[in-house]
Amino acid sequence: MKMRLLAKSVGMTAAFSVALCAAQVHAKVTDKDIVNDAKTVEDVVSNGLGPQGQRYSPLKQVNTKNVKSLSPIWSFSFGGEKQRGQESQPLVKDGVMYVTASYSRIFAVDVKTGEELWQYDARLPDGIMPCCDVINRGAALYDDLVIFGTLDAKLVALDAKTGKPRWRKTVGDYQAGYSLTAAPLIAKGKVITGVSGGEFGIVGKVEARDAKTGELVWSRPTVEGHMGYLNGKENGITGGEAGKTWPGDMWKTGGAATWLGGTYDPDVDLLFFGTGNPAPWNSHLRPGDNLYSASRLAIDPDTGKIVWHFQTTPHDGWDFDGVNELVSFDYKEKGKTIKAAATADRNGFFYVLDRTNGDFIRGMPFVKKLNWAKGLDEKGRPLYDEAFRPGNPADAKDGAKGKTVFSIPSFLGGKNWMPMAYSQDTGLFYVPSNEWGMDIWNEPVNYKKGAAYLGSGFTIKPVFDDHIGSLKAINPVTGKVEWEYKNTAPLWGGVLATAGNLVFMGNPEGYLMAMNAKTGEVLYKFNTGTGIVSSPITWEQDGEQYVTIVAGWGGAIPLWGGEVAKLVKDFNQGGSVWTFKLPKS
Ligand code: CA
Ligand code: CA
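Calculation rules
- Residues numbered from 1 in each chain as written.
- Chains lettered and ligands numbered in written order.
- Predicted model: local features only at pLDDT ≥ 70, side-chain atom pairs only at ≥ 80, totals over all residues.
- Heavy atoms only, no water.
- Donors = N, O, S within 2.8 Å, 3.2 Å for Na, K, Ca; no water.
- Tetrahedral: all angles 85-135°; square planar, octahedral: opposite > 155°, others 65-115°.
- Buried < 20%, exposed > 50% of the residue type's maximum accessible area, 1.4 Å probe, protein only.
- Disulfide = S-S within 2.5 Å.
- Salt bridge = Lys/Arg side-chain N within 4 Å of Asp/Glu carboxyl O.
- Phe/Tyr/Trp six-rings, centres within 6.5 Å; stacked < 30°, edge-to-face > 60°.
- pLDDT = per-residue confidence, 0-100.
- Contact = heavy atoms within 4.5 Å.
- Helix = DSSP H or I, 4+ residues; strand = E, 2+ residues; numbered from the N terminus.
- Pairing = 2+ DSSP bridges.
- Core = buried A, V, L, I, M, F, W, Y, C linked by side-chain atoms within 4.5 Å.

Caption draft 1: Local environment of the coordination of the calcium ion (ligand 1). The calcium ion (ligand 1) binds to the protein through Asp37 (O), Asp37 (OD), Thr40 (O), Thr40 (OG1), Asp43 (O) and Asp43 (OD), with metal-donor distances spanning 2.2 to 2.5 Å. Coordination at the calcium ion (ligand 1) is irregular: its six donor atoms span angles of 71 to 165° at the metal. A relative accessible area of 24% places Thr40 in the partly exposed class.

Caption draft 2: Inspection of the state of the cysteines at higher detail. This structure, assessed with the given rule, holds one disulfide. In this model Cys131 forms its disulfide with Cys132; the gap between the sulfur atoms is 2.2 Å. Linking Cys131 and Cys132, the disulfide has an S-S dihedral of approximately -100° and is accordingly described as left-handed. By relative accessible area, which is 22% here, Cys132 ends up partly exposed.

Caption draft 3: Expanded view of the pattern of salt bridges. If you walk through the whole model with that rule in mind, you get 31 salt bridges. Of the charged contacts, one joins Asp249 and Lys252 as a salt bridge, the two residues approaching to 3.6 Å between their closest N and O atoms. Accessibility expressed as a relative area gives 52% for Asp249, which makes it exposed. Residues joined in a network through salt bridges with shared partners are Asp265, Asp267, Asp330, Lys339 and Arg355.

Caption draft 4: Structural view of the packing of aromatic side chains. Going through the model one piece at a time under the given rule, you end up with 33 aromatic pairs. Seen from their ring centres, Phe349 and Tyr351 are 6.2 Å apart, and the 50° between their planes marks the pair as tilted. Here Tyr351 falls in the buried class, since its relative accessible area comes to 0%. Each ring, one from Tyr447 and one from Tyr453, has its centre 5.4 Å from the other, and the planes form 80°; the classification is edge-to-face. Classification of Tyr453 by relative accessible area gives buried; the value is 4%.

Caption draft 5: Layout of the confidence of the model for the protein chain. For the protein chain, the mean per-residue pLDDT works out to 94, and 96% of the residues sit at or above 70. Contacts from residues 1-24, a stretch scored under 50 in pLDDT, to residues over four places away or in other chains number one contact.

Caption draft 6: Representation of the environment of Ala256. Here Ala256 is to be found in the loop between strand 16 (233-237) and strand 17 (262-265). Judged by relative accessible area, which is 0%, Ala256 ranks as buried. Note: C-alpha distance between Ala256 and Gly201 (55 residues apart in sequence) is 8.7 Å.

Caption draft 7: Summary view of the pairing of strand 17. In this structure, strand 17 lies alongside strand 18 (residues 270-274), joined through four bridges in antiparallel fashion. Opposite Asp265, over in strand 18, you have Leu270 as the bridge partner. Where strand 17 hands over to strand 18, the hairpin turn is made up of four residues, of which Asp269 adopts a positive phi near 55°.

Caption draft 8: Seen up close, the nonpolar core. In this structure, Ile147, Phe350, Leu412, Phe429, Trp492 and Phe504 are the most contacted members of the largest nonpolar core, which totals 139 residues. What Phe350 contacts, discounting residues up to four positions off in sequence, is Ala342, Thr343, Ala344, Arg362, Gly363, Met364, Phe366, Met420, Phe429, Val431, Ile474 and Pro476. In this structure, Leu471, Ala473, Trp483 and Ala517 belong to the second largest nonpolar core, which totals 16 residues.

Encoded structure:
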């Protein structure tokens, strides 16, 4: 009895000192920390390693000379029977890693040992409708909170120390097809989110909430005709009026989902969000440009006002869902600094825009054999080749199925969700892309709440025999592809560039790879035992550079990939976090 009491009291003392220690080192995350995230190497407090999303680290302890010695120091399993696709980018603050996993789970892990500190599982209702696997792309940190979105379209804020919920808000009706998979964005004390659900005829929107309380500040629908709100009051109809670029009532179920989240540029004080496909996919049912679908929107973070827009695929007929991230960068031309931003669209074109006003600077295809457009005009609008738009079912004898076309790229995109990186040293964008096309046809369809609203059928097929995936180093000033790394399987994970002249990326074959940023030469590879479809991070801990990536095969390809899905059907699922560093010399 005495022994047990003693053990208990020793245990309590230990627990007390650990808690005290954590309280001392655990600083709150501020707006300044987030704005400066790209420069502060000791932490990663935002998705994209900085709200501009450059995914560039100034760290160079790990470099082209020594990366071959990079070694795993721990692996943490998400456990359970719930594997499926793991697309999360972890965050790191004060020696703690916050990482989300499939089925709306989140874990806090000790960065030095991989030991779990806490785990939170969102209790998901039956009947959630994620289109493209039960994935999650990451969390946000603010104050003493960890905030993430769940598959039933809720936003949950947890106490960063304990994992206990502090607030929870509903962003959309999951029974109508809304869900959340993107990492929330923090800007000026607000947590900013988009919504998923473009395949169900939802209405896309961007919303800002007080990050500390979850209270709604503003809401901005992304389909022309819907009312916006600021502090509980009406704040103007998106686009000014209903139905200008839509026929009849089609704008009421117009899609334009903001499912990938966004970036924030403090320099011009604008949020940049992409919008997805207009609904339904069958474009013959909705003549017009269908604003603001398949666009980039610049939004005032204080009011939710749309400051400018750039539509990449007006009257989209291929699910060229232009949500892709818009990443700020500056370059010099004739001695003048150009405030630019770049985006690699699902439609296969790479665009450089003036980020102050959305003006088109230049654009070029970044996938081979692109056929649905002959090019871009001087404003960046595609010059359609109507021979590659799927036909109208109304023109068919039985009215059941329009003409099938083989268009390149496929609807899964020249580039899908997987984020590119920009190196401040090489001036290159590293774009994870895929070379594939699709047979696509249209069918009649009517809107029904909670049902798929496509009006299209499709089969994805490779374009080349030996590869689908293609990491391309693109010079945004000349438009030239400086180098290309061809990958057998389609790429589905993000990229990280570092001052060590390295580019890190995972592939579905399971490898974390490091390449020479200037040449593309593969200098390191390590197999994690399951496919990688997530984005790597790096940071410095007690003077040593760490690299982390989440592993776990899944995502949209096995579900939607047609003939491509057959090629990858033997890849094994998983769910783990791998952390690496150089051995101590
Ligand atoms: Ca940082
Ligand atoms: Ca879509």
